[in-house]
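What follows is each chain in one-letter form.
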Amino acid sequence: MGTLTKLQYLYLEENDLSGTIPAELSGLSALVYLSLNDNRLNGTIPPQLSELPHLASVYLYSNRLTGTIPRALCSMTGVTDLDLELNALSGPVPSEIGGMTSLQLLSLHSNRLNGSIPAQLGQLAHLSFLDLSFNRLTGTIPVALGSLTKLTSLDLSSNAIRGSIPPEMGKMYSLESLTMVRMRLNGSLPSELGKLISLQTLDLYSNELTGTIPASVGDMSSLTGLYLYNNRLNGTLPPQLFSSLHLTTLFLDNNRLSGELPPAVGYALLMEIFTIDYNRLRGSLPVEMKLMLELFEFSAAFNELTGGIDVFGEEVFLFLTELNLQHNNFTGTLGALLTPYLKQLQLQGNAFHGPLQFHLPLLETLDVSDNAFSGCLPWNNVSFALQYVNFSANVFTCSNSAEFVARANSSLVGVDVSNNRVRSPVGDLFRRMTQLETLSLANNAWSGAVADVVDPTTQSGVTSLDLSQNLLVGSLPTEWFAAFVNLTCLVVVGNCVTGTIPTSVCEARNLTTLVLDGMGSNAACAARQRTALSPWSRDIYTLTTTDASLPACVFSRLPALQTLHLSGLGLYGSLPAVATLPASLAYLSLAHNRLTGDVPHAFLRHDAWAEFDVSFNRLRGTLVAWNASDASVRLLVNRLSGSVPAAYDYLASVDMLTGNLFACALADPQLPPDDPAAASYICGANHVELLLAVAAACFAAAAVVGAAVHVAWYEWFAWTDFAPATALLTQPTLLFSRGPPAVAGDVTDDAGLWALDQWLRTTLALTAATVLVLLPVYGALTATFGSVAPQYLWAASAVYLTGVAPAAALIGLWMPLVGLVTWQFCVLRAAATPPAAPAAPTAATLPATADPIAGDGSKWRQMAPTARLAAYVVASGAAVLAINGGYVYAWNQQVPAALLALLTLALSCFKLASNALLCRASWFKPHRQSGADLAAQAAAEDARTHVLTGLLCFNNVVVPLLTEALVDTDCFLYATLQPAPSVVSDVALRVCRLVFNPRLDSTEKTLPRTLLACATRVSRLAFQPPFLYNFSCSAALVTNFAGVFALRFVLSGVVLLVAQWAALRFVTAAEERADGRWPLVLAAARRLERSHWALLRRIRSAIDTRGRDGGADVSVQLLAALAAPAGDGEAQWRPFIDPRRFAASFVVDLLVLLTFGVLFPPLALLVGWSLAAQLLDARWALVELQRLATSATSREAALAAFVSAVDADMRRAVSWSVAPLPGVVALTVAFWAFAVFDTLGDAAGVVAAGAGVAALTAAAVLVWLLLHLQHSLLPPLPSPLSPAAVAPPPSKAAPEAAAFEVTNPLRHGSVELPSL
């Protein structure tokens, strides 16, 4: 080809040529025109082209040329057109290009040129077209470009050029198109641009221009299009802007313009497109806009415009096709819009109100969401051309669809009527929309069957359905998922939908979003379900809306699935053990269900998670490492255990500790630091280990104290020559002998001591059975049927068991305990007949004192005793309820561990103090009066004692159970006092609609006017979770209150006992010294020591006085020690052991042992120790009293009478402790039944729990019948002991031989009661 020396024009464009440009072209000496564009030529531009002397036009664009622009080409002074665009040229624009003096067209756009724009371009005096766009040029715009007076088109777009626009550009008088978009230009628009009177298009959008729009822009008389959007322009709109008679297109959106639209806007008579979105304009639309007759697109969205839009209510905008006024402050009603050609109307985000009426026959898109339109949905005004309609977020209350339903079909593709107040049946309204693709009915009250919403036979194009928060009933149609082959999104949150999740859901292979959270949890539906449920229905406890397992196919057969929400459905079963999950699955929520089993490793190692929520289930087992580091993880309220892998420590959004039993070290917990419960979490393993350690320490201390007490009592009794007590201490097997106990001299053979020994046997037997039998059995059952991993074998408690088998085992283990208590009730009832009141002391005259509840004239004192007692009981119960409820509430609020320990200690002290205050309250003390009916007084005392016992049982056992059940979130809080907090989740929904192209400028004239805009909208969905009982209430009860009772019995059975023993020793030593030292300490010790030991000390002191004085009469001293004044001047015996307090405290502690102690054996050790200490203390005191009464140095009638009164009190104590036993057994059985119900792990276990209660009750009744039959064959127990049976004092030589004789059939063997 190089030999064609006469060739002048070479046209080879669009021939798919490849290879390089041959250098031989330089031989075409006559060549004038070279066109090789639109090929696949590569390589560099041969510099030999500069050797063509006549070459005037070079077109090499749209190839694959690389390298730099040869500097040799710049020497071709005859070239007029140089077009190298759309290649891969690199390097700078050579400065020598200024030597191409004849150049008229230079196009270098869409290459990889870098460096700055050479100022030598200003030397091209004949240049008329310059395009350097879409390169990598930097620097600033050279001022020299202002000398290009013949330039008609300049495009520097999409470069990295900075700086301001040079004012010298105003000298480019011939410029018709100036395009400098998507750059980094800053500064203000120079007013000199107004001199460009030939300029037709000014494109400066997407820069960083500031300042105001100069008024000189109005001098551009030829301007037709002005594009200034996406800058930072401020100030007001100059009226001169609209003075150009040729202005047709004006884009000013996304700036910071303020003020009002000037009336001069009406001067732009030829304006076609006017957009001013995303500014700060205020005021109303000027009426002068009516002069813009050619307007077919007006957009003023996201401003602060006010007033109405009546300007569009007249038939003047005949060509207006798009009106966008969204997100302003427009108000008023929407009258008839007389714009017959309107195709797109967007009025969302304003304050329009009233009914919505319009008749726009060509309307294609309508969006009036987020206003206050009311009345009925205007279906009758919907045109046949309408494709997308959005009526959401208004106050529509009904659906006017009669005329619409009468049509054969509709062109509607997308419909959104969400967030209204529509209360209408769906009927076949939406089934008539045969072209329907997306439908949103969320947050209304649409009623009817869910299957009637859409028709799978005629609407196969459905892609998205959002039916959340309505009153739709029925079940999900199975045919939907097979018919809607393009279905991508289905949301049915918060309806009245019941039934199962059809397995056909896995046929929707394009499904990306499936959200069925609480699809039957709407409050209206739940209310109807609650009233319709029978007492034995399983749903009365679960209120679930589905009765199905989790469909496993959703994790294997839906490859496009991204979001799966199936929370609050009551699904049972386990997570499928799949090998891998769909790679697209990122959002999973299965919370508030009944899922069991382990969490499969595939779920924990899936690295695409953004959200993983399986909280509020019954998942168990341990965790493995977590892979998705940026995910939100919620595992709370399950039954997970083991250690927490270190990978969870790096999660920023994690909630997994609450409600699980993870193991960790106290010194270094290594828990996820961002977990809400990380600061207050009590490690699962160490929590139980700590309790066991505390219990072991307490019993070690108790053993030491017991040994010390044993030695102390032995020395004391030996010092007082009391052989029977030492025999009891050295021979503890006497307590377990058959029949009444007997020690040396038979001095303890009376019914009171025998009853104490019976109770002691029962206490020790119950404690031994609980610790030696239940503890290992619980451990074995926990390892097999436990809700935690086997490494928690030592967490041996009935509350950690699940299943029918362990429930049956528990019932079988607990039946002997019920029988034991019932046996003891029958044994002691014969010896529990209360005697008549003993004679009052008469040998002393004591001053009278006021009755503690006698009237003083006040209204309170004048109330009847029964009313005062009832008021006191109510006030006390309310206070205890409030304090225990506050403690449970604090536990649920996950307060810090230190504060929780202090609250536990405080509640323990409160229980101990409140019990003591109740026992000492004047309402429960006896108030005997001379001359009164002794039987009535005894009946009143019995009633008060039973009320006291019942109140103590209520405060100590019933109140914790009630507060836990009503206040704890693990129990029935959300089914009684308050609804469960709504479960809120953000779900990404894809929304599409037809819109006009808002960016049609001079560079994009080939784009279509109408676009289908699809975007992902994050929708916040909420549903009221149904009350799903998680069968962990008994576990929460033991967890929350075991520490409280443990501390309470440590205080009462160890600390207080040691303190009282120390006080007794201190007072005894102080009285022996009689030196008056430490008076305050002595006073405190006197208040702390027990009353019976203080009386014994005073009695022994009086007897010792006789021994030192040689037989002096001590009657007056004994009466002063034993008698107390009464209100009417008659003396009464001082209480030795308060029978009411003794009986009530014993019954309460026994109830705690049978309830909390049986469920949690470590606690039973502390309770058993406390009960044994209480019984042994009373027994030792009675034995010492009888020893003093029968000693050779006393033999006083007053002391004998006091002993008779004490014996009567002990008989009353036996009576008052035996009488409540049926109630104790009933309450115990109910408590155990609740634990069995939790152990069964399903609401269907109500029947099984009832059977367990029946079995336990039958055991108690059987034992009672057997013993009642045995006792009916025995003679009745004789009357209680009396002082008349006291024998003459024995001789000093043989004090034990002539002991204090009593007529006691128990001792003489005439009657032998059954015993353990």
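Computed from a predicted model, the values in this text were never measured in an experiment. (Residues numbered from 1 in each chain as written. Predicted model: local features only at pLDDT ≥ 70, side-chain atom pairs only at ≥ 80, totals over all residues. Heavy atoms only, no water.)

Q: Just to check I follow, could you spell out the overall build of the chain for this structure?
A: The secondary structure content of the chain amounts to 24 helices and 54 strands. Among the 1316 residues that make up the chain, the fraction classed as buried is 54%. Pairs at least 24 residues apart make up 59% of the contacts formed inside the chain by residues separated by at least 6 positions. Put simply, the chain shows about 51400 Å² of open surface, and 59% of that area lies on carbon and sulfur atoms. (Helix = DSSP H or I, 4+ residues; strand = E, 2+ residues; numbered from the N terminus. Buried < 20%, exposed > 50% of the residue type's maximum accessible area, 1.4 Å probe, protein only. Contact = heavy atoms within 4.5 Å. Areas by Shrake-Rupley, 256 points an atom, 1.4 Å probe, with all protein chains shown as cover.)

Q: What is the right way to look at the nonpolar core in this model?
A: Within soluble globular proteins, side chains that are nonpolar tend to cluster in buried spots. Grouped together as the largest cluster of nonpolar side chains are 191 residues, with contacts concentrated most on Phe274, Phe298, Phe312, Trp379 and Phe612. Among the secondary structure elements, those contributing two or more residues to this core are β31 (372–378), α2 (480–483) and α5 (601–604). In contact with Phe612, other than residues within four places in its own chain, are Leu588, Val599, Phe603, Leu604, Trp626, Ser632, Val633, Arg634 and Leu635. Listed in part, the 107 residues of the second largest apolar core include Ala755, Leu774, Val1148 and Phe1231. (Core = buried A, V, L, I, M, F, W, Y, C linked by side-chain atoms within 4.5 Å.)

Q: Explanation requested: the side chain of Asp81 in the structure shown.
A: Within the secondary structure layout, Asp81 lies in strand β7 (residues 81–83). There is no salt bridge for the buried Asp81, and the closest opposite charge comes from Lys150, which lies 13 Å off by N-O distance. A distance of 2.9 Å separates polar atoms of two side chains, one belonging to Asp81 and the other to Tyr59. In this structure, Asp81 is in contact with Ala56, Ser57, Val58, Tyr59, Leu103, Gln104 and Leu105, ignoring residues within four places of it in sequence. (Lys, Arg positive; Asp, Glu negative; His and termini not counted. Salt bridge = Lys/Arg side-chain N within 4 Å of Asp/Glu carboxyl O. Polar contact = N/O pair within 3.5 Å; in protein donor to acceptor, adjacent residues only side chain to side chain.)

Q: What's the story with the side chain of Asp155 in this structure? I'm lost.
A: You can see Asp155 is positioned in strand β13 (residues 153–155). For the buried residue Asp155, which engages in no salt bridge, the nearest side chain bearing the opposite charge is Arg182, 8.1 Å off. Excluding its chain neighbours within four sequence positions, the residues that come into contact with Asp155 are Leu130, Asp131, Leu132, Ser133 and Thr179.

Q: I tried to follow the confidence of the model for the chain on my own but got confused; where do I start?
A: The predicted coordinates ought not to be read in detail in places where the model reports low pLDDT. With 75% of its residues at a pLDDT of at least 70, the chain reaches an overall mean of 78. Overall, residues 528–546 carries pLDDT values under 50, and its contacts beyond four positions in sequence, including any with other chains, amount to 48 contacts. Predicted confidence for residues 843–863 stays below pLDDT 50, and this span has 33 contacts to residues more than four positions away or in other chains. (pLDDT = per-residue confidence, 0-100.)

Q: Which parts of the structure should I look at to understand the sheet that holds strand β48 (residues 639–643)?
A: The strands making up a sheet are joined through hydrogen bonds of the backbone, oriented either antiparallel or parallel. Spatial ordering of the open sheet is given by β42-β44-β46-β48-β50, a layout of five strands whose pairing is parallel. This sheet does not close on itself; its edge strands, each paired only once, are β42 (572–574) and β50 (661–663). Within this sheet the neighbouring strands show an average axis-to-axis angle of 15°, counted without direction. Two elements, strand β44 (residues 594–598) and strand β46 (residues 618–621), share three bridges in a ladder whose sense is parallel. Considered in β46, the bridge of Gly597 is made with Leu619. (Pairing = 2+ DSSP bridges. Axes fitted to C-alpha atoms, helices over the stretch in contact; angles between N-to-C directions.)

Q: Honestly, the sheet that holds strand β23 (residues 280–282) in this entry has me stumped. Any pointers?
A: Read across the open sheet, the three strands follow the order β19-β21-β23; overall the sheet is parallel. Unpaired on one side and paired on the other, β19 (234–235) and β23 mark the two borders of the sheet. In this structure, β19 lies alongside strand β21 (residues 256–260), joined through two bridges in parallel fashion. Among the inter-strand pairings, Asn234 is bridged to a residue of β21, identified as Arg256.

Q: Before we go on, may I ask you to explain the packing of helix α19 (residues 1139–1159) against helix α22 (residues 1221–1240) in this structure?
A: Each pair of packed helices gets described by two things: the angle between the helix axes and the distance between those axes. Viewed as axis vectors pointing N to C, α19 and α22 meet at an angle of 20°, and their least axial separation amounts to 10 Å. By the angle between their axes, α19 is roughly parallel relative to α22. Crossing handedness for the pair α19 and α22: right-handed. Taken together, the residues of α22 that come into contact with α19 (itself represented by Val1147, Leu1150, Leu1151, Leu1154, Thr1155, Phe1156, Val1158 and Leu1159) are Leu1221, Val1224, Leu1227, Thr1228, Phe1231, Trp1232 and Ala1235. (Parallel < 35°, antiparallel > 145°, perpendicular 65-115°, else oblique. Left-handed = near helix turned anticlockwise from the far one by under 90°.)

Q: Sorry if this is basic, but what is going on with the state of the cysteines here?
A: Among covalent bonds in proteins, the disulfide is the one between the sulfur atoms of two cysteines. Evaluated as defined, the whole model comprises three disulfides. Across a sulfur-sulfur distance of 1.7 Å, Cys376 and Cys398 are joined as a disulfide pair. When the S-S torsion is -85°, as for the bridge of Cys376 with Cys398, the disulfide is left-handed. Of the two residues, Cys376 is situated in strand β31 and Cys398 in strand β33 (residues 395–400); the sequence distance between them amounts to 22 residues. Given the relative accessible area of 33%, Cys376 is considered partly exposed. (Disulfide = S-S within 2.5 Å.)

Q: Would you mind showing me how to read α19 here?
A: Owing to its 3.6 residues per turn, the α-helix brings residues three or four apart onto one side. The terminal C-alpha atoms of α19, which comprises 21 residues, lie 30 Å apart, in line with the 30 Å expected from a rise of 1.5 Å per residue. Leu1153 marks the point of greatest bend in α19, at about 30°. Of all 21 residues in α19, 19 are buried; the element is thus mostly enclosed. (Expected span 1.5 Å × (residues − 1). Bend = angle between axes of the 7 residues up to and from the residue.)

Q: How should helix α12 (residues 897–920) be read in this particular structure?
A: The first and last C-alpha atoms of α12 sit 35 Å apart over 24 residues, in line with the 34 Å expected at 1.5 Å per residue. Within α12, the full set of buried residues consists of Leu900, Thr904, Leu907, Ser908, Lys911, Ser914, Asn915, Ala916, Leu918 and Cys919.

Q: How do you make sense of unusual backbone geometry when you look at a structure like this?
A: The phi torsion of most residues other than glycine is negative, and most of the peptide bonds are trans. For Leu86, which is not glycine, the phi dihedral falls at a positive 60°. Positive phi is not limited to glycine here, since Asn254 has a value of about 60°. Mapped onto the secondary structure, Asn254 falls in the loop between β20 (249–251) and β21.

Q: What is the right way to read the pairing of strand β27 (residues 329–332) from this model?
A: Regular strands show a simple pattern: their side chains alternate between the two faces of the sheet. Across two bridges, strand β25 (residues 306–307) lies against β27 in parallel orientation. Across the sheet, residue Thr306 finds its bridge partner in β27, namely Asn329. In this sheet, strand β29 (residues 351–355) lies alongside β27 in parallel orientation, the contact comprising two bridges. Across the sheet, the residue bridging to Gly332 is Phe352, located in β29.

Q: Whenever I open this one, the environment of Arg1087 confuses me. Can you help?
A: With respect to the helices, strands and loops of the structure, Arg1087 is situated in helix α16 (residues 1079–1088). Take Arg1087: its relative accessible area is 74%, and that puts it in the exposed class.

Q: In this structure, what is going on with the packing of aromatic side chains? I would like to understand it.
A: Within the structure shown, the criterion is met by 29 aromatic pairs. Where Tyr227 meets Phe251, the ring centres are 5.3 Å apart and the plane angle is 20°; that geometry is what we call stacked. In this pair, Tyr227 sits in strand β18 (residues 225–227) while Phe251 sits in strand β20, placing the two residues 24 residues apart along the sequence. Of the two residues examined, Tyr227 and Phe251, each falls in the buried class. Between the aromatic rings of Phe274 and Phe298, the centroid separation amounts to 5.6 Å while the plane-to-plane angle is 55°, which identifies the pairing as tilted. On the criterion of sequence distance, the pair formed by Phe274 in strand β22 (residues 273–275) and Phe298 in strand β24 (residues 297–299) is long-range, its members being 24 residues apart. Residue Phe274 is classed as buried on the basis of its relative accessible area, which comes to 0%. Taken together, the ring pairs in this structure connect Phe242, Phe274, Phe298, Phe312 and Phe317 into an aromatic cluster. Its guanidinium or amino end placed over the ring of Phe1049, Arg1048 lies 4.4 Å from that ring's centre, counting from NZ or CZ. (Phe/Tyr/Trp six-rings, centres within 6.5 Å; stacked < 30°, edge-to-face > 60°. Lys NZ or Arg CZ within 6 Å of the ring centre and 35° of its normal.)

Q: Mind showing me how you'd approach the pattern of salt bridges here?
A: When the charged atoms of two side chains lie near each other, side chains of opposite charge can form a pair. All told, the structure shown has eight salt bridges when counted by the stated rule. In this structure, Arg432 and Asp428 form a salt bridge, with 3.6 Å as the shortest nitrogen-oxygen distance. For Arg432, a relative accessible area of 29% corresponds to the partly exposed category.

Q: Just to check I follow, could you spell out the environment of Ser1145 for this structure?
A: Along the chain, Ser1145 turns up in helix α19. Along the sequence, Ser1145 and Leu1171 sit 26 residues apart, while their C-alpha atoms lie 9.1 Å from each other. Of note is the side chain of Ser1145, whose polar atom sits 2.8 Å from the backbone oxygen of Arg1141.

Q: What am I meant to see in the pairing of β31 here?
A: Note: β29 against β31, three bridges, orientation parallel. Looking across to β31, one finds that Gly354 is bridged to Phe373. With five bridges joining them, β31 and β33 adopt parallel strand pairing. Residue pairing across strands places Ser374 opposite Val395, the latter belonging to β33.

Q: What is the right way to read a nonpolar patch on the surface from this model?
A: Together, Leu318, Phe319, Tyr341 and Leu362 make up an exposed nonpolar region whose accessible area comes to about 370 Å². With respect to the helices and strands, Tyr341 occurs in the loop between β27 and β28 (344–346). (Patch = residues over 30% accessible without salt bridge, like charges linked within 9 Å, V, L, I, M, F, W, Y side chains within 5 Å.)

Q: Quick question: what am I supposed to make of the packing of helix α9 (residues 804–829) against α22 here?
A: Their axes nearest at 10 Å, the elements α9 and α22 cross at an angle of 175°. By the criterion of interaxial angle, the relationship of α9 to α22 is roughly antiparallel. Side by side, α9 and α22 meet where Val804, Pro806, Ala807, Leu810, Ile811, Trp814, Leu817, Val818, Val821, Thr822 and Phe825 of the first sit next to Leu1221, Pro1222, Val1225, Val1229, Trp1232, Ala1235, Val1236, Thr1239 and Leu1240 of the second.

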